[in-house]
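Structural overview
The lines below spell out each chain.
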Amino acid sequence: VVHLAAKAGVRPSILTPTKYIDTNITGTQNILDLMLEKNCKNILFASSSSIYGNNKKTPFSESDNVDKPISPYAFTKRANELQIHSYHNLYNIDTICLRFFTVFGPRQRPDLAIRKFIEKIDNNESIDMYGDGYTGRDYTYISDIVSGIYSAYNYLLENEKVYEIVNLGNNKPILLKEMIDTIYKVLDKEENVKILPMQPGDVLQTCADISKAQRLFNYSPKVSFEEGIKKFTHWFNTNKA
């Protein structure tokens, strides 16, 4: 089973936590129960960097303490890792939990910053920047994530007695201000930014230690942030109404 399904989003989870519990925790339990029924012994699960919360140490390592999530979305993803571990222990289900770090690229959800910003700029509207612009995210282009998923899938099929938690990121955090500057540069537009207070549940910075992914399945991200923005912009311009 390659389990990528979830109700995603940090800010919406604060407004409707029960929906996140129903979808992410109960939904994952349904998948685990079906695996037992079908005697399926491997699961590759999409976890999240949100689990790390406001971790003071960077880069974030899989061995770091993750007992202080700061949003319902984050605690459901951590609960999923523990859920699946119990089934690994009880029923010998081999598992890799991949903690994705801020995935972006074509078909990105419209509520996420990059797509939202590009749509607003394309419409000659101002964009909202929460905070001073010095929060950072380890943006990871979708093709690098897919490559990591495929490599982890093969690792899972080729090994036994596996329970691993593995970061998939880019290991190169981009400041919010830098992200906005890059988007305006690629779109060749004059900046029009409205500064607002930080939002509840937002972490200050994410940065992935990807050494474990490199060691286990030769993971190596290829797409730079600016190149990824150019690819996304090309897709956006080709597909907008």
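One can find the structure itself at the top, above this paragraph.
What this report covers is the structure whose coordinates are included nearby. (Residues numbered from 1 in each chain as written. Predicted model: local features only at pLDDT ≥ 70, side-chain atom pairs only at ≥ 80, totals over all residues. Heavy atoms only, no water.)

1. Some thoughts on the environment of Tyr87
Mapped onto the secondary structure, Tyr87 falls in helix H3 (residues 72-91). Once the C-alpha coordinates of Tyr87 and Lys41 are considered, the two residues, 46 residues apart in sequence, prove to be 9.9 Å apart. Beyond its immediate sequence surroundings of up to four residues, Tyr87 is in contact with Gln29, Leu32, Asp33, Leu36, Asn92 and Ile93. (Helix = DSSP H or I, 4+ residues; strand = E, 2+ residues; numbered from the N terminus. Contact = heavy atoms within 4.5 Å.)

2. Section: the pattern of salt bridges
Enumeration over the complete set of coordinates arrives at 12 salt bridges. Across the pair Lys177 and Asp181 runs a salt bridge whose closest N-O atoms are separated by 3.5 Å. With Lys177 and Asp181 both in helix H6 (residues 176-187), this residue pair falls four residues apart, about one helical turn. For Lys177, a relative accessible area of 38% corresponds to the partly exposed category. Given the relative accessible area of 29%, Asp181 is considered partly exposed. (Salt bridge = Lys/Arg side-chain N within 4 Å of Asp/Glu carboxyl O. Buried < 20%, exposed > 50% of the residue type's maximum accessible area, 1.4 Å probe, protein only.)

3. Examining H6
Between its first and last C-alpha, H6 extends 17 Å over 12 residues, near the 16 Å set by a 1.5 Å rise per residue. In this fold, the buried residues of H6 make contact with helix H4 (113-122), strand S5 (127-130), strand S9 (174-175), strand S10 (193-196) and helix H8 (225-239). In the stretch just after H6, Asp188 is the one whose phi turns positive, near 55°. (Expected span 1.5 Å × (residues − 1).)

4. Remarks on the sheet that holds strand S1 (residues 2-3)
Spatially, the four strands line up as an open sheet ordered S1-S2-S3-S8, and their pairing is parallel. Of all the strands in the sheet, just S1 and strand S8 (163-168) have a single pairing partner and so form its edges. Here six bridges tie strand S3 (residues 94-100) to S8, and the two strands are oriented parallel to one another. When the bridges of S8 are listed, Cys97 appears paired with Ile165. Where helix H2 (residues 17-38) meets the sheet, it contacts S1 and strand S2 (42-48), and its direction lies at approximately 170° from that of S2. The sheet contacts of helix H5 (residues 142-158) involve S1, S2, S3 and S8, and relative to S3 the element is tilted by about 165°. (Pairing = 2+ DSSP bridges. Axes fitted to C-alpha atoms, helices over the stretch in contact; angles between N-to-C directions.)

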